[in-house]
Amino acid sequence: IRIGEGSWLASGVTVTGGVKLGRCNLVCANSVVTKSTPDYAIMAGTPARQVGSIDPESGAYRWNGEE
């Protein structure tokens, strides 16, 4: 397991073996991460999926499906 610099894992998160979390990821509470993730991803669920991203310049969150 590799966790990228600046990543934040909430309470109760499980990361399975062989997974690499990208830089500055946010993983929501009680999520189970079973696959590697890109940089600046917001992950949630069981199994975790990408539900949004973080703008690296402004730090603003962008949720999937949002214009």
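How each quantity is defined
Residues numbered from 1 in each chain as written. Predicted model: local features only at pLDDT ≥ 70, side-chain atom pairs only at ≥ 80, totals over all residues. Heavy atoms only, no water. Phe/Tyr/Trp six-rings, centres within 6.5 Å; stacked < 30°, edge-to-face > 60°. Buried < 20%, exposed > 50% of the residue type's maximum accessible area, 1.4 Å probe, protein only. Helix = DSSP H or I, 4+ residues; strand = E, 2+ residues; numbered from the N terminus. Polar contact = N/O pair within 3.5 Å; in protein donor to acceptor, adjacent residues only side chain to side chain. Contact = heavy atoms within 4.5 Å. Core = buried A, V, L, I, M, F, W, Y, C linked by side-chain atoms within 4.5 Å. Disulfide = S-S within 2.5 Å.

### Comments concerning the packing of aromatic side chains
(1) Moving on: Under the definition given, this model contains one aromatic pair.
(2) Moving on: With a centroid separation of 6.0 Å and 70° between ring planes, the pair formed by Tyr-61 and Trp-63 is classed as edge-to-face.
(3) Moving on: Residue classification places Tyr-61 among the partly exposed residues on the basis of a relative accessible area of 45%.
(4) Moving on: Since its relative accessible area comes to 38%, Trp-63 is described here as partly exposed.

### Topic: the side chain of Ser-31
(1) Moving on: Secondary-structure assignment places Ser-31 in the loop between strand E5 (26-27) and strand E6 (32-33).
(2) Moving on: Side-chain polar atoms of Ser-31 contact the backbone oxygen of Cys-28, separated by 2.8 Å.
(3) Moving on: In contact with Ser-31, other than residues within four places in its own chain, are Gly-12, Val-13, Thr-14, Met-43, Ala-44, Gly-45, Thr-46 and Ala-48.

### A short note on the nonpolar core
General note: in soluble globular proteins, nonpolar side chains tend to be found buried as a group.
(1) Moving on: Formed by Val-13, Val-15, Val-19, Leu-21, Val-27, Val-33, Ala-41, Met-43 and Ala-48, the largest nonpolar core amounts to nine residues.
(2) Moving on: Grouped together as the second largest cluster of nonpolar side chains are five residues, Leu-26, Ala-44, Val-51 and Ile-54 included.

### Some words on the state of the cysteines
(1) Moving on: A full pass over the atoms with the stated rule returns zero disulfides.
(2) Moving on: We note that Cys-24 lacks a disulfide partner, and the nearest cysteine sulfur, in Cys-28, lies 15 Å from it.
(3) Moving on: Looking at Cys-28, the relative accessible area reads 24%, which means it is partly exposed.

### Observations regarding the side chain of Thr-37
(1) Moving on: Mapped onto the secondary structure, Thr-37 falls in the loop between E6 and strand E7 (41-45).
(2) Moving on: Overall, Thr-37 belongs to the buried group, its relative accessible area being 10%.
(3) Moving on: Engagement of the side chain of Thr-37 in a polar contact is seen with the side chain of Asn-25, the distance being 2.4 Å.

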